[in-house]
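# Working through the structure, step by step
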Amino acid sequence: MWKWLRNRQRKLRSQKPLPHFLSRLIKRPDLSTWLTDAARVKLINHARNMVAEKNWEGLSGLVVTEEMKWKIALQASRLTLGFDDSPFDSIQSILIYPSTYVAPQQTKLGHIVVESSSLRLGEAWKRGPIVLAWEDIQREWEGHEPFHNVVIHEFSHVLDMANGDADGMPVIENPALARNWISLIPQQFAQLVQRLHSGHSDIINSYGATNLAEFFAVSTEAFFSSPRLFNIWHPELAQLYQQYFGHTFYSTSWPLHPQYSMINPSQFTASQTSDYLSSHRYLNHERYLVG
Ligand SMILES: [Zn+2]
């Protein structure tokens with residue numbers, strides 16, 4: 001009954017006019033030229049439902065505008081194109097801080113629980129809210145943080161947690177794809193850990209070496225932020241993610257992050273790319289301290 005009502009509301013909503021600012025937001029290549037026309041319609045519909053159905057709440061005095069909601073919903077909906085029903089329907093609330101925030105943290109050391117606090121850009125809770133920091137979302141939206149996208153990061157955790165704890169293994173219905181996932185993800189995770197231990201950088205931020213859940217979230221950020229460069233670094237993983245997220249939704253060849261359109265990194269060798277990334281030291285900073 002509830003699903004029937006929701007679908008009816010969605011159908012009615014799909015006939016209403018879209019907000020005037022959407023034509024401006026959708027100009028980003030990852031939301032326009034990278035996608036087929038059909039995929040773009042699906043993306044906008046998923047985003048519109050998210051904007052309308054979630055409880056959006058600004059924290060620490062932040063006023064959440066419609067445009068802010070759309071910016072978040074459009075990015076999160078890039079993860080949902082390969083699904084018939086939005087995997088984010090279960091999320092009730094999206095809470096937004098103005099900027100990086102301090103959250104209490106508990107760490108277990110044997111039988112002792114240590115209380116502390118940590119700086120966060122965002123967090124995702126199983127059957128709970130998504131928490132985000134607006135300043136970082138806006139900076140990433142403007143292209144100042146290549147390979148990073150806190151919205152995609154946190155919503156990746158939601159995909160991951162749909163079948164239990166966050167372990168880097170989301171629900172995968174295709175058995176062959178699931179088998180590939182089980183063998184490839186731990187292997188690529190181990191390679192990243194090894195690579196970072198030996199002093200090299202990677203397009204996947206070092207926070208991805210924390211555990212399999214963070215590996216999935218951080219590598220998904222890089223995959224969606226700069227798919228062509230990601231493909232150079234991690235072709236097997238790129239293929240796996242294309243299958244999982246639905247590669248038929250992309251228009252032609254894999255796109256390039258606008259940040260790098262002038263230097264054409266698709267022609268870089270892996271070692272040249274490594275040198276280039278090394279010059280961007282912030283890539284290796286621990287951005288995601290927790291979350
Ligand atoms: Zn995380």
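An unreviewed UniProt entry annotates the protein chain as Zinc-dependent peptidase originating from Planctopirus limnophila.

When helices and strands are tallied, the protein chain shows eleven helices and six strands. Counting every position in the protein chain, which comprises 291 residues, the buried fraction comes to 35%. At a minimum sequence separation of 6, the contacts of the protein chain that also span at least 24 residues come to 69%.

In this section: helix α8 (residues 212-225). Over its 14 residues, α8 runs 20 Å from end to end, which matches the ideal 20 Å to within 8%, given 1.5 Å per residue. Among the 14 residues of α8, twelve are classified as buried, and the element is accordingly described as predominantly covered. Every buried residue belonging to α8 is among E214, F215, F216, A217, V218, S219, T220, E221, A222, F223, F224 and S225, and all of these are buried. The inward-facing, buried residues of α8 contact α6 (150-161), α7 (175-197), α9 (227-233) and α10 (235-245).

Moving on to the packing of α7 against α8. The contact between α7 and α8 brings their axes to 10 Å, and the two run at 85°. Viewed along their axes, α7 and α8 adopt a mutual orientation that is roughly perpendicular. For the pair α7 and α8, the contacting residues are I185, P186, F189 and L192 in the first and L212, F215 and F216 in the second. When the residues that make up the contact of α7 with α8 are grouped by side-chain class, the tally is seven nonpolar, no polar and no charged.

Here we take up the sheet that holds strand β1 (residues 55-58). Sheet architecture is open: four strands sit in the order β1-β2-β6-β5, paired in mixed fashion. Each edge of the open sheet carries a strand with a single partner, namely β1 and β5 (122-124). Neighbour-to-neighbour, the strand axes of the sheet open up by a mean angle of 15°, direction not taken into account. Note that strand β2 (residues 93-97) and strand β6 (residues 130-133) share four bridges and pair parallel. Bridging from a neighbouring strand, Y97 pairs with A133 of β6. Seen against the sheet, helix α5 (residues 134-141) touches β2 and β6 and runs at an angle of roughly 65° to β6.

A few words now on the confidence of the model for the protein chain. Overall, the predicted model of the protein chain reaches an average pLDDT of 82, with 81% of residues at or above 70. Of all helices and strands in the protein chain, the one with the weakest mean pLDDT is helix α11 (residues 270-278) (55), whereas β1 scores best (97). Note that residues 253-265 has pLDDT below 50 and, in this model, 25 contacts with residues that lie over four places away or in other chains.

Here we come to the environment of A213. Within the fold, A213 resides in helix α8. Here the alpha-carbon distance between A213 and D167, two residues 46 residues apart in the chain, equals 4.6 Å. Every residue in contact with A213, bar those within four places of it in the chain, is listed here: H157, D160, A166, D167 and G168.

Here we take up the pairing of β1. Pairing between β1 and β2: four bridges, direction parallel. Paired with G58 across the strands is I96, a residue of β2. As a crossover connection, the stretch from β1 through helix α4 (residues 66-77) into β2 is left-handed.

The next subject is the pairing of β6. Burial along β6 is two-sided: I130 and L132 and V131 and A133, pointing in opposite directions, are all buried. Across three bridges, the pairing between β5 and β6 is antiparallel. Paired with E123 across the two strands is V131, which belongs to β6.

Calculation notes
For every chain, the first residue of the written sequence is number 1, and numbering continues from 1 along that sequence. In view of the model being predicted, local features appear only for residues whose pLDDT reaches at least 70, and side-chain atom pairs are presented and counted only at 80 or more, with totals across whole chains, interfaces and linings using the full set of residues. Counting from the N terminus, the helices are DSSP H or I runs at least four residues long and the strands are E runs at least two residues long. Think of it as a crowd count around each C-beta: if 20 or more other C-beta atoms lie within 10 Å the residue is buried, if 12 or fewer it is exposed, and in between it is partly exposed, with C-beta placed from the backbone throughout. Here the contact rule is simple: place C-beta atoms from the backbone, and any two residues whose C-beta atoms are within 7 Å are in contact. A helix is expected to span 1.5 Å for every residue after the first. Note on geometry: axes are lines fitted to C-alpha atoms, helical ones only across the stretch in contact, with angles between N-to-C directions running from 0 to 180 degrees. Roughly parallel here means an angle under 35 degrees, roughly antiparallel means over 145, roughly perpendicular means 65 to 115, and every remaining angle is called oblique. Any residue that is not Ala, Val, Leu, Ile, Met, Phe, Trp, Tyr, Cys, Pro, Asp, Glu, Lys or Arg is counted as polar, Gly included; the first ten are nonpolar and the last four charged. Two strands make a pair as long as DSSP finds a minimum of two bridges between them. Here pLDDT means the predictor's own confidence in every residue, given as a number from 0 to 100. When the strands point away from the viewer and the connection leading from the first strand across the helix to the second strand turns clockwise, the crossover is called right-handed.

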